[in-house]
Amino acid sequence: MLTLEHIHTAFHRGTVDEMKLFEDFSFRVNKGDFISIVGSNGSGKTTLLNLICGTLQPDAGKILLRDKDITHLPEFKRAKYIGRVFQDPKAGTCSNLTVLENFALADNKGKPFALGRAVNKKRIDYYKELLSKCGMGLEDRLNTPIGNLSGGQRQAIALVLTGMTDVDLLILDEHTAALDPKSSETIMELTDQLVKEHDLTAVMVTHNLRFAVEYGNRLVMMHDGKAIIDKSGEEKKALQVTDLLETFNQISIECGN
Amino acid sequence: MEFVGALEVFLEMGLIFSVLAMGYYVSYSILDFPDLTVEGTFLTGAVVFGLFVANGLNPWLGLVAAFLSGCLFGGVTGLLHVKLKIRPLLCGILVSTALITVNLVGVTAGTVGDFRAESSSIISFGRDAMTLNDAFFGNLIPARVAALGNVPLRQPLIFLVVAVACKVLLDLYLNTKNGLLLRATGTNEQFVKMLAVDPGKSKIIGLAIGNGCAAIAGALYTHTVDGVNQSMGLGMVIIGLASLIIGLSVFKKVRFLKSTTKVIFGAIIYQACLVVVQRFGIPSAYNKFIMAVLFTLVLILGGRQKKQGGVSRVNA
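Because the structure is a prediction, the values reported are computed rather than measured.

Overview of the overall build of chain B
Counting its regular elements, chain B contains eleven helices and four strands. For 316 residues, the compact-globule estimate of 2.2 N^0.38 gives 20 Å, and the C-alpha radius of gyration of chain B, at 19 Å, lies within 12% of that figure. Principal axes of the C-alpha set define a box for chain B whose edges measure 55 × 40 × 35 Å. Expressed as a percentage of the 316 residues in chain B, the buried residues total 48%.

Written out as structure tokens, the structure reads:
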């Protein structure tokens, strides 16, 4: 489904601060995978997502999505196939527009944005139905500017908007990290619902080891630009938070922390 | 009748510059793009309109042509920014500098008679020139109302019609899919990218509209001086921004007014302030200085120096 082949990425190339992150890194996402990626800061999790989404270009290597080379496709063109929810709840919605207007925009994804009326009144019931699934009472707040909603509510909407159009791949970029424990729990459940409902392929980066263990069918731990753990199926099911913590500790000792 | 004279000045000027300020509403408030191009496109609009009038063509068509010329050069600014990644302020400076030449050539082409010398490049509307005042419905309105102490009617009314037409069209546009996308581009480019759309396109469109409006304002302005001269574009950035910011901050709490309406009132208020200041007997040479000082006061009192989230208050 998605393949990264022999990726090389370095930051500050050609300076004394040069930091080689990925060296000949290859990674494969299979159709129907729900991958949780964990790892310490600087291990390459977010860089991996940025490479997949096109925010960052690799120095060498190839990225294939459904056998199509997307290595040099700009971010906005990849968005047709890839949906992304960010850590910052502000990033996934537009704060000065109302909930309804945000839905109208997302509903039009993939179609031309021409001079027709933006809000189609016939679709309102559908939007309400989607919102009521969040269980936050958002269906009654269609005309509220998104900026007036809480982070959890905004993230729920961002998730719903991303799921509205068919994407091949859902990218979740620490999307519960900025939320309180209760909200992050809710968002995680909504995410799981969405993935199952649409049979999505998803890649989730998280610092919440419990989420990583509980959700998804595959778990990857990154360290120094390598996938040091990559378990799926039964092996993944057997994995416990304590196992992950142990590996984390080992890494820290190796690094001299 | 001094009061009537003052009223005429600030109403007419206010309405003219409200169109400019609406352009800034699109480029500055919505897109968060400090656009200096208007300094040139205001005059370009005036020149294009002037050429239409000087050649006896329909002035309403001239107004449309002025708008398009503004769109064109605003689009160039947008292209420089989006495609070549040049900073907003520099893009504006580059295009408005290039426009000095374009405008000069245009004005020289339109200059007839004794004025044909580069040093005194002006287009002067003759007595029989057909301006907006004389074409189509303009000539149906009496120029002045004698019963009310000779209050001017025709010209302010024409300006009002143009300003309101611009407002209505802009409001309509901002509620289309394309307009909504434009509003989203200003606050959250990432969001627009995730919609699989290039936010650069919206920026170019927004700058085109902003400068098209500036050009319309320039075209209207020619009526007050009966022609076009090279110094007309000076200080437009300040007039536009001051009008915009006055309008949006004075009527901040008034929810039933659309932002575009607030901007029109803002432009009129700003011109009224200028007229009041001038009534104190300050020579007109100090005009631009006073404009800058007034704008600084507006910024301080309005508390609208760009803060985070500043844009979110300014939605339509």
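On we go from here.
Section: the overall build of chain A
Helix and strand counts for chain A stand at nine helices and ten strands. For 257 residues, the compact-globule estimate of 2.2 N^0.38 gives 18 Å, and the C-alpha radius of gyration of chain A, at 19 Å, lies within 12% of that figure. Seen through its C-alpha atoms, chain A measures out along the principal axes to roughly 60 × 40 × 35 Å. Going through the 257 residues of chain A one by one, you find that 42% of them count as buried.

As for the pairing of strand β1 (residues 2-11) of chain A
Residue and element names in this part refer to chain A. The pairing of β1 with strand β4 (residues 60-65) spans five bridges and is classified as antiparallel. When the bridges of β4 are listed, His-8 appears paired with Ala-60. Relative to strand β2 (residues 19-29), β1 is paired through seven bridges, and the arrangement is antiparallel. When the bridges of β2 are listed, Thr-3 appears paired with Arg-28.

Looking at unusual backbone geometry
Residue and element names in this part refer to chain A. Even without a glycine there, the phi angle at His-12 is positive, about 55 degrees. Positionally, His-12 belongs in the loop between β1 and β2. We note that Asp-24 has phi near 55 degrees; this positive angle belongs to a residue other than glycine. Among the structural elements, Asp-24 can be located in strand β2.

Points about the confidence of the model for chain B
All names here are of chain B. On average, chain B scores 87 in pLDDT, and the residues at 70 or more come to 91%. Predicted confidence is poor over residues 114-119, with pLDDT under 50, and the contacts of this stretch with residues over four places away or in other chains come to five contacts. Confidence over residues 305-316 falls short of pLDDT 50; this stretch has 21 contacts with residues more than four positions distant or in other chains. What the predictor reports for the complex is a pTM of 0.89 with an ipTM of 0.89.

A word on helix α8 (residues 199-225) of chain B
Here α8(B) is 27 residues long and its end C-alpha atoms lie 40 Å apart, about the 39 Å a rise of 1.5 Å per residue gives. Taken from the residues just after α8(B), B:Asp226 is the one with a positive phi, measuring 50 degrees.

Quick word on the nonpolar core
Residue and element names in this part refer to chain B. Of all hydrophobic cores here, the largest spans 152 residues; its most connected members are Val-19, Leu-20, Phe-42, Ile-216 and Ala-217. Tallying contributions element by element places helix α1 (residues 2-30) first for this core, with 14 residues. With residues near it in sequence (within four places) discarded, Ala-217 still touches Ile-16, Phe-17, Val-19, Leu-20, Phe-42 and Gly-45.

Let's talk about the sheet that holds β1(A)
All names here are of chain A. Across the sheet, four strands lie side by side as β2-β1-β4-β5; this open sheet has antiparallel pairing. Strands with a single pairing partner mark the edges of an open sheet, and in this sheet they are β2 and β5 (68-69). Relative to the sheet, helix α1 (residues 45-53) contacts β1, β2 and β4, its axis offset from that of β1 by approximately 120 degrees.

With respect to the environment of A:Asp33
Residues and elements named next belong to chain A. In this fold, Asp-33 is placed in the loop between β2 and β3 (34-39). Separated by 147 residues in the primary sequence, Asp-33 and Asp-180 place their C-alpha atoms 27 Å from one another. Every residue in contact with Asp-33, bar those within four places of it in the chain, is listed here: Thr-201, Asn-217 and Arg-218.

Re the packing of helix α3 (residues 59-84) of chain B against α8(B)
Residues and elements named next belong to chain B. Contact pair α3 / α8: the axes reach a minimum separation of 6 Å and the direction vectors enclose 145 degrees. Note on packing geometry: the crossing formed by α3 with α8 is right-handed. The class makeup of the residues in the contact of α3 with α8 is 15 nonpolar, 13 polar and one charged.

Overview of the packing of helix α10 (residues 259-279) of chain B against helix α11 (residues 287-302) of chain B
Geometrically, a packed helix pair is captured by the angle between its two axes and the distance between the axes. Residues and elements named next belong to chain B. Running from amino to carboxyl end, α10 crosses α11 at an angle of 125 degrees, the nearest separation of the two axes being 11 Å. By the angle between their directions, the pair α10 and α11 is classed as oblique. Crossing of α10 over α11 shows right-handed handedness. Taking contact as the criterion, the partners of Cys-273, Leu-274 and Val-277 in α10 are, on α11, Ile-290, Met-291 and Leu-294. When the residues that make up the contact of α10 with α11 are grouped by side-chain class, the tally is six nonpolar, no polar and no charged.

Some words on the environment of B:Leu90
Positionally, B:Leu90 belongs in helix α4 (residues 88-110). When the C-alpha atoms of B:Leu90 and B:Gly110 are compared, they prove to be 30 Å apart, with 20 residues separating the residues in sequence.

Details of the interface of chain A and chain B
Of the residues lining the interface, 27 residues belong to chain A; the matching set on chain B comes to 22 residues. Those elements that provide at least two residues to the side of chain A that touches chain B are α2 (75-78) and α3 (99-107) of chain A. For the side of chain A that touches chain B, the element with the highest residue contribution is α3(A), accounting for four residues. Split by residue class, the side of chain A that touches chain B holds twelve nonpolar, eight polar and seven charged.

Parameters and conventions
Residues numbered from 1 in each chain as written. Chains lettered and ligands numbered in written order. Predicted model: local features only at pLDDT ≥ 70, side-chain atom pairs only at ≥ 80, totals over all residues. Helix = DSSP H or I, 4+ residues; strand = E, 2+ residues; numbered from the N terminus. Rg over C-alpha atoms; globule rule 2.2 N^0.38 Å. Buried ≥ 20, exposed ≤ 12 C-beta atoms within 10 Å, placed from the backbone. Pairing = 2+ DSSP bridges. pLDDT = per-residue confidence, 0-100. Contact = placed C-beta atoms within 7 Å. Expected span 1.5 Å × (residues − 1). Core = buried A, V, L, I, M, F, W, Y, C linked by C-beta atoms within 7 Å. Axes fitted to C-alpha atoms, helices over the stretch in contact; angles between N-to-C directions. Left-handed = near helix turned anticlockwise from the far one by under 90°. Nonpolar A, V, L, I, M, F, W, Y, C, P; charged D, E, K, R; others polar. Parallel < 35°, antiparallel > 145°, perpendicular 65-115°, else oblique.

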